[in-house]
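# Observations on chain architecture
Here's the letter readout for the chains.
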Amino acid sequence: MMGRLAWSQVRFRPARTLALLIGVLVAATAFTVLTAASRTAQVRTVGKVSANFQPAYDILVRPKGARTAVESKTGTVQPDFLSGIYGGITMAQWHQIEQVPGVEVAAPIAMVGYAELNALMFVPLPADVLGRSGRQLYRATTTWVSDGGASRITQPPGYVYVTPLRLTQSANGQYLTDGTGPGCPAAGVVLSRGANPFGTAGQSYARCWSRVNQSDMPPSPGPASDSAAGYFVTWTIPVLIAAIDPDAEAKLDGLNKALVSGSYLTENEGADSPTLPVLASSASGMNEYAQTIVQQLAAPSAMPDMNDAWESAQASAPGRTVATVRTTAQQAYSAVIDGPPTTFLGSAAGTLVNGYWSVGPVDYRSATAGVLTPRQVVNPASVWYTGSLARVAMDDEDSQYRTVTSHLTGQAAGADGYGLALIKVAGVFDPAHIKSFSALSQVPLGDYQPVVAAPANAASSRALAGNDLLPSQNLGGLVSQPVNLITTLAALPSLEDSPAYSGVPAADPISVIRVRVAGVTGADALSRERISAVAQQIEQRTGLDVDIVAGSSPSPVTIDLPAGKFGQPALTLSENWVKEGVALAILNAVDKTSVALYILILVVCVLFVGNAATAAVRGRRRELGVLAAVGWRRSRLFSAVLGELAGIGLAAGLVAAVIAVPMSAALGLDASPGWALLAVPVAVVVAVAGGLGPAWAAARADPVSSVRPPVLAVRRAHQPGGITALAALNVTRTPGRTLIGVVSLAVGVAALTLLTAVSFAFRGVIVGSLLGDAIAVQVRGVDYIAAGATVALGVLAVADVVFLNTTERAAELATIRSFGWRDRTLARLVITEGAIIGVTGSLAGAGLGLAAAAWFAGQLPARLIAIAAAAAAAGVIVTAAAALLPAALLRRLPAAHLLAEE
């Protein structure tokens with residue numbers, strides 16, 4: 001009986017049955033195809049995460065308390081995590097870590113500090129100007145340029161005096177003279193009285209050259225200038241020294257395979273010796289250069305007295321430019337390390353470490369939106385004192401963000417008996433040849449790579465001439481220099497046991513230990529458990545700070561750098577800090593966006609089916625009332641209505657299962673026939689879930705009231721002021737139905753707004769790490785298909801609401817037409833009703849999507865508001881267009897029949 005009843009509904013109400021069938025079919029097909037897409041994407045995502053899971057090392061071990069407050073708060077590791085860590089881990093703790101079960105490599109780094117090595121870059125005077133006879137005087141002005149040209153430090157001019165007479169020392173031995181005047185200071189340095197002897201203003205140079213002697217006095221430091229007149233640009237190159245275990249380092253990153261000359265270090269090389277055997281990097285890590293302008297001044301009548309007063313007068317004297325020469329930090333650094341084999345500056349024994357310095361970490365304060373600002377520090381001039389008025393880097397007078405500490409006791413005055421260490425090059429390595437790891441999971445090795453601070457906005461990019469902010473000669477600068485010289489742990493006693501150096505961490509020299517765990521093959525649970533177990537054991541045995549960096553990824557952090565003292569403007573920079581746990585977070589939250597979209601599709605379909613089923617039940621009031629009058633129980637009425645909907649769902653599911661396989665194949669997705677059969681239960685569940693409410697309403701049908709005409713109770717009369725007002729009144733007459741249309745459309749527009757915002761307002765991603773950007777919330781084409789299907793169902797639901805309203809008010813509309821309203825005016829009324837529902841749903845959906853995107857990304861750019869407005873406008877336009885079909889059906893209303901029936 002119930003089967004015949006259901007079949008009669010299919011035969012005699014084909015339009016309603018077809019609408020229900022299409023709605024369920026769309027839901028089942030979309031869910032099946034899109035879940036197949038989700039499975040395919042999940043396999044690719046897991047593969048991508050696994051391929052980028054393991055960086056150079058799995059665990060970073062630092063001294064207790066070395067983790068900064070910013071790192072703890074943000075779950076990150078700073079890219080210059082070695083900065084400011086000079087010791088803190090004992091050799092015994094390192095050996096403890098080596099013995100932990102599961103540790104494959106434990107590679108220590110002991111930061112020693114910065115030595116400053118001088119490189120004298122000779123700038124010869126042009127041969128054509130030297131060919132002239134008589135006395136000549138030249139002024140050389142050098143400007144040190146860093147930060148992509150933003151910072152410029154000009155030191156006081158130096159002078160070169162050329163004489164046709166022989167140079168000899170004066171009677172008191174303090175000057176060089178040609179017999180016509182006091183001449184040049186014998187030391188070659190002019191120090192301004194009262195100025196900081198280590199600063200820019202206190203550093204000048206005076207040089208005398210004789211055509212008779214064919215050399216300068218004092219003698220030049222190199223053969224290139226023995227018989228030439230010229231000027232020296234004195235570079236002070238800070239070189240960062242670190243100690244390693246050569247065998248562990250070779251296993252970790254293949255340092256031994258990066259050599260370009262010389263030989264690799266052995267484990268005990270440098271033990272029981274005052275010499276530090278080092279591997280020297282072939283790159284300085286700096287992008288600074290010095291530009292020297294040489295000008296010829298008026299020829300003096302006699303040898304000048306090159307004192308402070310004379311120098312001040314000559315600084316502004318007119319001159320003719322005869323040469324402009326640029327020397328770079330890399331050239332100066334290469335001149336230092338490319339001397340005679342295995343030595344610096346040609347010394348057979350090595351280069352003395354006259355002093356060395358350590359620097360502290362940068363202290364950041366947090367601003368709004370997670371932006372960091374470094375705090376400036378003041379380092380006194382005395383920190384540069386090495387026992388003599390030696391030159392220091394010009395940049396050390398610039399703004400500083402790191403505390404600089406000297407490690408020279410002042411007892412050392414020479415190599416004999418005073419304990420000064422000697423640097424001797426064993427080989428040269430190229431940092432570019434170090435074993436490379438995935439950029440998506442890259443962690444700082446801590447040894448060889450300079451920390452790169454990239455411009456984060458257009459203004460900063462212009463200020464840096466399109467370059468990154470790289471290290472300069474400024475030891476206290478924001479960006480620290482990379483390790484230039486690598487020695488062995490065995491050679492550290494030459495510094496630790498020497499009375500020449502103070503503050504040396506002899507008891508606990510190791511700064512960090514990088515640990516690789518054995519048996520790690522990817523992001524699988526077993527590999528993660530192995531890493532976690534080793535980290536726990538290290539922390540329990542040593543009490544040190546332990547960070548798991550496997551599964552991490554570089555995460556951009558914005559830094560506001562204040563203006564410098566020498567022209568560098570305020571900059572907004574971006575540094576890649578190491579974000580911990582990114583891979584695990586992705587695996588735990590893989591494809592949540594897509595799953596949410598698929599659920600939204602089902603929700604909208606349930607609403608659509610519920611609305612259509614409610615209309616069908618309302619249209620069968622009399623029929624259901626008659627059945628109740630003849631003895632049908634409520635349970636039987638409930639089952640009959642729900643059975644009809646389940647049958648429609650079953651039919652839609654079978655059709656969806658058939659078309660899901662070819663559709664998935666066309667989209668390049670993996671959907672087996674077994675997976676396609678999932679459409680059948682999905683369709684039945686959607687149909688039944690949507691029909692529960694209408695079936696319950698049908699079961700409660702009252703036989704008496706069902707046969708009465710649906711006459712409304714008398715209420716206060718309304719006089720709408722126009723078509724829009726009348727349309728608004730009509731929409732509110734069925735609030736439940738209207739709400740279904742509004743919610744259905746709002747869901748689709750919200751999904752579309754969110755996806756579009758992710759694609760355009762946030763450049764396709766809303767996860768703050770490179771690996772997350774590459775994987776986690778990328779918007780795929782299939783996600784747009786899901787959002788489009790949701791919007792389409794929402795629009796279909798609105799059209800169905802308008803159609804049902806029109807059908808139920810057919811007699812009313814026929815009456816209005818009989819009063820003289822034209823079909824065109826009635827069509828405007830119906831379209832306006834659809835537009836009102838569309839405006840409400842679209843604005844609600846756009847607002848919801850806007851709020852979700854802003855909350856998810858933590859910002860509200862202007863582009864996001866424009867995207868939300870565009871999505872709302874599109875929803876309104878499409879909804880109004882969907883109302884055209886119900887409006888067109890008005891012409892087919894049987895007005896006479898309806899009026900007669902009324």
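For the structure, check the block above.
Computed from a predicted model, the values in this text were never measured in an experiment.

### Structural notes on the nonpolar core
Of all hydrophobic cores here, the largest spans 74 residues; its most connected members are Ile59, Trp235, Tyr501 and Ile513. Per-element accounting of this core gives the leading share, 10 residues, to strand S3 (residues 103-124). Those residues within four positions of isoleucine 59 in sequence are excluded, and the remaining contacts are Ile513, Arg514, Val515, Val517, Ile531, Val534, Ala535, Val546, Asp547 and Val549. Membership of the second largest hydrophobic core comes to 36 residues, among which are Leu240, Ala242, Leu255 and Val359.

### Structural notes on the pattern of salt bridges
Applying the stated rule across the entire model yields four salt bridges. The salt bridge partner of aspartate 547 is arginine 62, with a shortest N-O separation of 2.9 Å. Of this pair, aspartate 547 sits in strand S26 (residues 545-548) while arginine 62 sits in strand S1 (residues 59-62), placing them 485 residues apart in sequence. For arginine 62, a relative accessible area of 1% translates into the label buried. Glutamate 249 serves as the salt-bridge partner of arginine 514, at 2.6 Å between the closest nitrogen and oxygen. With arginine 514 in strand S25 (residues 512-517) and glutamate 249 in helix H6 (residues 246-253), the pair connects residues that are 265 residues apart, well separated along the chain.

### Structural notes on unusual backbone geometry
Positive phi outside glycine occurs at aspartate 147, with the angle close to 55°. As for its position among the elements, aspartate 147 is in the loop between strand S4 (136-146) and strand S5 (151-154). By relative accessible area, which is 9% here, aspartate 147 ends up buried. The residue alanine 465 is not glycine, and still its phi comes out positive at about 55°.

### Let's talk about the sheet that holds strand S7 (residues 168-169)
Ordered in space as S7-S8-S9, the three strands form an open sheet in which the pairing is antiparallel. Each edge of the open sheet carries a strand with a single partner, namely S7 and strand S9 (184-185). The pairing of strand S8 (residues 175-177) with S9 spans two bridges and is classified as antiparallel. Bridging across to S9, leucine 176 finds its partner in cysteine 184.

Procedures and definitions
Residues numbered from 1 in each chain as written. Predicted model: local features only at pLDDT ≥ 70, side-chain atom pairs only at ≥ 80, totals over all residues. Heavy atoms only, no water. Core = buried A, V, L, I, M, F, W, Y, C linked by side-chain atoms within 4.5 Å. Buried < 20%, exposed > 50% of the residue type's maximum accessible area, 1.4 Å probe, protein only. Helix = DSSP H or I, 4+ residues; strand = E, 2+ residues; numbered from the N terminus. Contact = heavy atoms within 4.5 Å. Salt bridge = Lys/Arg side-chain N within 4 Å of Asp/Glu carboxyl O. Pairing = 2+ DSSP bridges.

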